[in-house]
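Survey of secondary and tertiary structure
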Amino acid sequence: MVQRRSQTQGAGMQKFEVKPSSLVGAWLQMRNNNYTLVTALCEFIDNIINKGAKSKTTIQIEYYLSRKYPKKNFIRIKDNAEGITSDLLHKVFQIGRGTYKNAIKLFSEHGYGMKAAMLSLGEIMGFKTKYKDDELGSNLVKNNIKERYCDDEPRLDFQSFEDKSWEGTEIVLNNVNTGLSPHSARDMKILGVKLGAIYSKYIDDKTLEIKLKLHNLDTGEDSYDEIVESHHRIWCHGTKRDKNGAPKREPDLPGITLKGGKGKNAWEAIFVAGYKPLDEELHAMTGKTKWIEGSPYSPIGKNIGFDVIKHGRTILFGVMGDEYSGRGNYLQGEIHIIKGFTTTTTKDSLRNDKAWKELQKKIKTVVKDYRLDDRVKSGMKRTRGTELQITNRIAEELRKQTFAHDGWGVQDANQEIRAFVEVYTDDDKPMGEVDIMIAPTATDNPGEQVWEVKKEEADTDAVRQLYGYLKARDIKSGTIAAQKLTSKAKNLMEQLNKDKNVDMKYWDYTTLAIFN
């Protein structure tokens, strides 16, 4: 690495060269095909929070794009962080981190991130920086990091500048990679949602502000110009409800510490898990009827899995997404890595880390042992709510199934399909409460029906209870709604149907769409 200086006009004003000890071709090979727009931009944001700043740092990410003249396109990324001294520039532009180490090092580990991100997004056009305690800053005026110079040694020509008002670092990229560019205000809004999720802790702590702008060079107008807001997952507890009956915003598993390895290979992580709300639960909890577009926390197919978090920053979304069967899109969780894990430029190589593979095994065990996904262990779905709440939901669905009402002889579903109906003996003494009673009023109706609801498995006691209600009211038809009927219960039901002239059936209530 060579850095040469020459004196120019003005006190202390200098031109100097930064010549990384490599070839331009080696630089260009740092372009990362695994980058997305989000992960590439995260490299710049990570750089400004790497030192653990306690005061707010702002980064502006601005796209200037033209459909008519794409060669005019450029990206401007400007922050007001502490900046870089001119003496450190030769280390900043070295491939790899070399001997320089950030004492805080929250995220940077290998020294490739910012350079790989710049080259993946476009070509380096400008790099202007000034350290907070220096009088002079450094401005890149010329460089040869381009395809046509791939066999040459890299050369970056800097000019010092004096500007007391200048803060931080500005990077300008041209020949923009359109595959990693937003193309509309909608794209920018989705980008903001994802960045707001990744850096929510820092935004909420007021140590980070992210500004996004999309400027249309064809019209001369800004299509988008907003400050990113923090975006959070919504926990929906499987059984706990607030005073209004809405699910509590809590994980079912608040946090369990997992450890492994020994000595220098020791690792530690905290696993938090629970559920996402169904649409109706989302409305009950937040008043909203739909998820924000682009949310990594919504219950859609590509959002299956757990998210990996390091120092409060989400570094991976949706890992282990192929490990579940029952709750699928609605099971969610956070894996907070504490120590012993290696991440890289795009953080994805964590998946090949030995400690990570050990952690995955422990997480699978936790998911089974805590029955976070009941199908994994016992063949049951993790249906949310108590048996009482599930019964009410089934009754409401039966009221909506108008195609069946004629066959049942139901004319007014709200009055004739009721939950939790008290039944009495012949001498008018209470004997119990029927979970669901269908009492039709149409002429020539087939008679009343009694439904017994069990959240998971129905055994012989449930069959006997249902038969008791049928006999007490001289009713012929009854249904057990559960996820499973034991083999003994099935045998008893068949025998009673045969000997007692009743018609009892079993029905898996989870076939209803509301439970899937």
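What you see is a predicted model; the values in this text were computed from it and never measured. (Residues numbered from 1 in each chain as written. Predicted model: local features only at pLDDT ≥ 70, side-chain atom pairs only at ≥ 80, totals over all residues. Heavy atoms only, no water.)

All right, on to the overall build of the chain then. Within the chain, the regular secondary structure consists of 14 helices and 22 strands. Split into buried and exposed, the 516 residues of the chain put 50% on the buried side. Look at the contacts in the chain between residues 6 or more apart in sequence, and 66% of them connect residues 24 or more apart. Total accessible area computed for the chain in this model is approximately 25,700 Å², and 45% of it derives from carbon and sulfur atoms. (Helix = DSSP H or I, 4+ residues; strand = E, 2+ residues; numbered from the N terminus. Buried < 20%, exposed > 50% of the residue type's maximum accessible area, 1.4 Å probe, protein only. Contact = heavy atoms within 4.5 Å. Areas by Shrake-Rupley, 256 points an atom, 1.4 Å probe, with all protein chains shown as cover.)

Considering the arrangement of structural elements, one finds Phe271 in strand E12 (residues 267-275). The spacing of Phe271 and Glu334 is 63 residues in sequence and 5.9 Å in space, taken between C-alpha atoms. Setting aside anything within four residues of it in sequence, one finds Phe271 in contact with Leu253, Gly255, Ile256, Leu258, Phe306, Glu334, Ile335, Ile363, Val366, Val367 and Leu372.

A cluster of acidic residues, Glu221, Asp222, Asp225, Glu226 and Glu229, forms a negative patch on the protein surface. By secondary structure assignment, the location of Asp225 is in strand E10 (residues 221-227). (Patch = residues over 30% accessible without salt bridge, like charges linked within 9 Å, V, L, I, M, F, W, Y side chains within 5 Å. Salt bridge = Lys/Arg side-chain N within 4 Å of Asp/Glu carboxyl O. Lys, Arg positive; Asp, Glu negative; His and termini not counted. Charge placed at Lys NZ, Arg CZ, Asp CG, Glu CD.)

With 55 residues, the main nonpolar core has Phe44, Phe127, Leu195, Tyr199 and Ile210 as its most contacted residues. Here this core gets nine residues from one element, more than from any other, and that element is helix H2 (residues 37-49). Here Ile210 is in contact with Ile45, Ile59, Ile61, Leu195, Tyr199, Glu226, Ile227 and Val228, once residues within four sequence places are set aside. Grouped together as the second largest cluster of nonpolar side chains are 26 residues, Leu316, Trp356, Val367 and Leu372 included. (Core = buried A, V, L, I, M, F, W, Y, C linked by side-chain atoms within 4.5 Å.)

A few words now on the packing of aromatic side chains. In total, this model carries 10 aromatic pairs according to the counting rule given. Ring geometry for Trp267 against Phe341: centres 5.7 Å apart, planes inclined by 55 degrees, an arrangement best described as tilted. In this pair, Trp267 sits in strand E12 while Phe341 sits in the loop between strand E15 (331-339) and helix H8 (354-369), placing the two residues 74 residues apart along the sequence. The buried category is assigned to Trp267, whose relative accessible area is 2%. Pairing Trp451 with Trp507 gives two aromatic rings, centres 5.5 Å apart and planes at 85 degrees, and the pair type is edge-to-face. Here Trp507 lies in strand E22 (residues 503-508) and Trp451 lies in strand E18 (residues 449-453), a separation of 56 residues in the sequence. (Phe/Tyr/Trp six-rings, centres within 6.5 Å; stacked < 30°, edge-to-face > 60°.)

Another point: the sheet that holds E12. What holds strands together in a sheet is hydrogen bonding between their backbones, with the strands either parallel or antiparallel. As summarised here, the arrangement of the five strands in space is E11-E12-E15-E13-E14, forming an open sheet in which the pairing is mixed. Only two strands of the sheet have a single neighbouring strand rather than two, namely strand E11 (253-260) and strand E14 (313-319). Each strand of the sheet is rotated relative to its neighbour by a mean of 20 degrees, with strand direction disregarded. Bridge analysis of E12 against E15 gives eight bridges, and the strand direction is antiparallel. Residue pairing in the sheet places Val272 in a bridge with Glu334 of E15. (Pairing = 2+ DSSP bridges. Axes fitted to C-alpha atoms, helices over the stretch in contact; angles between N-to-C directions.)

Quick look at H8 now. A rise of 1.5 Å per residue sets the reference length of H8, with its 16 residues, at 22 Å; its end C-alpha atoms lie 23 Å apart and thus fit the reference within 8%. Listed in full, the buried residues belonging to H8 are Ala355, Trp356, Leu359, Gln360, Ile363, Val366 and Val367. The arc that holds every buried residue of H8, seen down its axis, measures 140 degrees, which confines them to one face. Pointing more than 90 degrees away from the buried face of H8 are the exposed residues Lys354, Lys361 and Asp369. (Expected span 1.5 Å × (residues − 1). Arc of directions from axis to C-beta.)

So, on to the packing of H2 against helix H4 (residues 113-121). Orientation of H2 relative to H4, taken along the N-to-C sense of each, is 145 degrees, at an axis distance of 8 Å. Crossing geometry of H2 relative to H4 is assigned as left-handed. Facing H2, whose interface residues are Ala40, Leu41, Glu43, Phe44 and Asn47, H4 presents Gly113, Met114, Ala117, Met118 and Leu121. Of the residues belonging to the contact of H2 with H4, the class tally is seven nonpolar, two polar and one charged. (Left-handed = near helix turned anticlockwise from the far one by under 90°. Nonpolar A, V, L, I, M, F, W, Y, C, P; charged D, E, K, R; others polar.)

Geometry only, nothing functional implied.
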